[in-house]
There are 2 protein chains.
Amino acid sequence: MSTAPASLDEIRRIAKEWRAGDTGAGAEARARQATLTKPPGSLGRLEQIAEWLSVWQGRHPPRLDRPRVVVFAGNHGVAARGVSAYPATVTKQMVANFIAGGAAVNQLCKAADADLRVYEMSLDEPTADFTLEPAMSDGECARAIAYGMMAVEPGLDLLCLGEMGIANTTSAAALCLALFGGKASDWTGPGTGVLGPALAAKIAAVEAGVARHRGAMTDPFETLRHVGGRELAAIVGAVIAARLARTPVLLDGFASTAAAAVLFAADKVALDHCLVAHLSAEPGHRRLLSAIGQAPLLDLGMRLGEASGAALAIPLLKAAVACHAGMATFAEAGVSGKSG
Amino acid sequence: MSTAPASLDEIRRIAKEWRAGDTGAGAEARARQATLTKPPGSLGRLEQIAEWLSVWQGRHPPRLDRPRVVVFAGNHGVAARGVSAYPATVTKQMVANFIAGGAAVNQLCKAADADLRVYEMSLDEPTADFTLEPAMSDGECARAIAYGMMAVEPGLDLLCLGEMGIANTTSAAALCLALFGGKASDWTGPGTGVLGPALAAKIAAVEAGVARHRGAMTDPFETLRHVGGRELAAIVGAVIAARLARTPVLLDGFASTAAAAVLFAADKVALDHCLVAHLSAEPGHRRLLSAIGQAPLLDLGMRLGEASGAALAIPLLKAAVACHAGMATFAEAGVSGKSG
């Protein structure tokens, strides 16, 4: 992009043509898999991952030397409704913790030998409370998406997308309700740990926000603008830009997947270059994954956000690449093939 | 042990007193978890893993600098029944492949920075065909268990146990049927990829073997001797020795879990220092995990054996340790705690 998109119409134009994967590289990966010293299919999803990385990196063999973990942080007006177990000031405090290296995602990135970047998005100016007015103006939403696009550098082998934002599971639940229907309680869970009356208030906020803006949410980008948030819009932008940059994407948990689902709702092929790293303990995530047809790589009862699940899954992808590239073939190893 | 046990009675004596975990170290782990900059419980199983490692390593904080992956290889007389998709010569060929560094487990160990040891167990002398006679004599079985015990060096932070042995899912299925009941077809699956008449022959072999020895399988160790195999007996020994050495264990897939289940059948606390790395695609594994009360860490449709699932799960345990040891506390980071 020569200049950053400044309106949702420009974003809509960019998000209309989804770059295809490299099926030739995928076929090369499949052909090599069949020669490696193991019963066919016995490495399960590791085999599919090697092929998927080939298709979306557009090369064979795939590589995983430069994984990047990105955390977008934003604040939400709806936090004032008491929908989180933590005060809104925690968003900024946690960004400082990321920068100081003290958060879970820091340790997970170090363990996975992945590069971490944290993007703070106007934390002192939360989006508007979506139970009262649209969370963002057209320009604000477009700029947040464009900001996410800019976070995608050329040459990355994998982009892990996560978020930090007190009250953003409320926003994510509202996105899901508006995009996929159902009841507010289907999509709204404890988040950081709200229960009882606070959870009821959270469900009510989701319901009220979607009801208020129903008529105005004429397409998924309008939905994002009305009930989303800046860090969620940035994830939308990063998913778009990663497709253009031939960078496969690993989505983190409930909020990250809900953001990416905006693109799925606009075009079913939009997330073909994305995998979901883990099934969050946030109850709406399972329903969301089913709505977008994704099977998570991990299911460890995590619900932290901040790209922690995505960073944790990087070693699985590295392992898939290592097996694919490093294993001997039956011929090389002098191992007998399948009988009959 | 001063001298290696030479009879199953000596093994029975050793396996009678199960060393308790260090609940003090576990309590220290729990106390620290509560102070780290994340909502309580939000790292899900990573938090439980850090505590479990503390309990079974007997120290806090737990460490994971020295993981060891062990593959025991054995040959099975029952292979002559045509129960595998591969000829029995493949066991030895795959051991050569492990030594040359060409197998999946080699790449996975390298990716996880884990040490790999392969133990070849009399490959030129397969155990007896258990459909006709006991697989092993008392002395053979005891020596195989003792051999597995010897593989556990002091000072390891984690022991991953896997196996290689053409026809050993047949032996594992027979173990499960004899230990936990049900039908032969409940426990017998495609293994390396047998289908149709070959799968029917495999189920028939499992049924015949268990029926023939039913009266003689008077305890789990007799079951192991009659329908098990050397590499499975070695896993039994390694699980026992790891408990004595304060080394937590990660079991691989169906065959490894079936071997360890011999100890569970003898004493329900025997596998408290073990986790199961992954749910194998071999259908009996799910039933087996339910029988021994274990929840696998990964579910990626793998069914290769050779400790591949266990090696793949090492980075998850390393990540748990890294988060536990490296994260800042709320006080250190100046992050506000939970409201109310």
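You'll find the structure just up there.
Small disclaimer: the values here were computed from a predicted structure and weren't measured. (Residues numbered from 1 in each chain as written. Chains lettered and ligands numbered in written order. Predicted model: local features only at pLDDT ≥ 70, side-chain atom pairs only at ≥ 80, totals over all residues. Heavy atoms only, no water.)

A. Broad picture of the overall build of chain A. Each helix and strand counted, chain A has 15 helices and five strands in total. On C-alpha atoms alone, chain A measures out to a radius of gyration of 20 Å, which is about the 20 Å that the 2.2 N^0.38 rule sets for 340 residues. Each principal axis of the C-alpha distribution contributes one length, and for chain A these read about 70 × 40 × 40 Å. The burial tally for chain A puts 62% of its 340 residues in the buried class. Of all intrachain contacts in chain A linking residues separated by at least 6 positions in sequence, the fraction that spans at least 24 positions is 80%. (Helix = DSSP H or I, 4+ residues; strand = E, 2+ residues; numbered from the N terminus. Rg over C-alpha atoms; globule rule 2.2 N^0.38 Å. Buried < 20%, exposed > 50% of the residue type's maximum accessible area, 1.4 Å probe, protein only. Contact = heavy atoms within 4.5 Å.)

B. Main features of the relation of the copies chain A and chain B. Superposing chain A onto chain B requires a rotation of 180° together with a translation of 0.0 Å along the rotation axis, leaving an RMSD of 0.0 Å. Such a combination of rotation and displacement between the chain copies is what one expects of a two-fold axis. Taken as a fraction of all interface residues of chain A, those also at the interface in chain B reach 100%, which identifies the copy contact as same-surface. (Least-squares fit on C-alpha atoms with pLDDT ≥ 70 in both.)

C. Summary view of the nonpolar core. If you look at the biggest cluster of nonpolar residues, it comprises 109 residues, and the most contacted ones within it are Leu 250 and Leu 317 of chain A together with Leu 250 and Leu 317 of chain B. Those residues in contact with Leu 317 of chain A, other than ones at most four positions away along the chain, are Ile 49, Trp 52, Leu 53, Leu 64, Leu 158, Leu 250 and Leu 297 of chain A. Listed in part, the 72 residues of the second largest apolar core include Cys 141, Val 236, Ala 241 and Leu 279 of chain A. (Core = buried A, V, L, I, M, F, W, Y, C linked by side-chain atoms within 4.5 Å.)

D. How the structure looks around the sheet that holds strand β4 (residues 249–251) of chain A. Residues and elements named next belong to chain A. Strand order in the open sheet formed by five strands is β2-β1-β3-β4-β5, with parallel pairing between adjacent strands. Since the sheet does not close on itself, it has two edges, and those belong to β2 (115–121) and β5 (274–276), each with one partner. Averaged over all pairs of adjacent strands, the angle between strand axes in this sheet comes to 25°, irrespective of strand direction. Strand direction decides the pairing type here: strand β1 (residues 67–74) and strand β3 (residues 158–164), joined by seven bridges, are parallel. Residue pairing in the sheet places Val 71 in a bridge with Gly 162 of β3. (Pairing = 2+ DSSP bridges. Axes fitted to C-alpha atoms, helices over the stretch in contact; angles between N-to-C directions.)

E. Looking closely at the packing of aromatic side chains. Residues and elements named next belong to chain A. A full pass over the atoms with the stated rule returns six aromatic pairs over all chains. Here the aromatic rings of Tyr 119 and Tyr 147 are separated by 5.9 Å at their centres, their planes lie at 90°, and the arrangement is edge-to-face. A residue pair is termed long-range when its members are at least 10 positions apart, and Tyr 119 in strand β2 and Tyr 147 in helix α6 (residues 138–150) qualify at 28 residues. We classify Tyr 119 as buried; its relative accessible area is 18%. Given the relative accessible area of 34%, Tyr 147 is considered partly exposed. Taken together, the ring pairs connect Phe 72, Tyr 119 and Tyr 147 into an aromatic cluster. Note that Arg 287 overlies the ring of Trp 187, its terminal NZ or CZ placed 5.7 Å from the centroid. (Phe/Tyr/Trp six-rings, centres within 6.5 Å; stacked < 30°, edge-to-face > 60°. Lys NZ or Arg CZ within 6 Å of the ring centre and 35° of its normal.)

F. Layout of helix α4 (residues 89–100) of chain B. For α4 of chain B, built from 12 residues, the straight-helix expectation of 16 Å at 1.5 Å per residue is met to within 8% by its first-to-last C-alpha distance of 17 Å. Of the residues making up α4 of chain B, those classed as buried are Val 90, Thr 91, Met 94, Val 95, Asn 97 and Phe 98 of chain B. Projected down its long axis, α4 of chain B carries its buried residues within an arc of 160°, all on one side. Away from its buried face, by an angle of more than 90 degrees, α4 of chain B presents the exposed residues Ile 99 and Ala 100 of chain B. Its buried side turned inward, α4 of chain B meets α15 (330–333) of chain A together with β1 (67–73), α5 (104–112), β2 (115–120) and β3 (158–164) of chain B. Remark: Gly 101 of chain B follows α4 of chain B within two positions and exhibits a positive phi of approximately 85°. (Expected span 1.5 Å × (residues − 1). Arc of directions from axis to C-beta.)

G. Structural context of helix α11 (residues 230–244) of chain A. All names here are of chain A. Relative to the 21 Å expected for 15 residues at 1.5 Å per residue, α11 spans 21 Å between its end C-alpha atoms, a close match to the ideal helical length. Within α11, 14 of the 15 residues are buried, which leaves the element mostly enclosed by the surrounding structure. In the stretch just after α11, Arg 246 is the one whose phi turns positive, near 55°.

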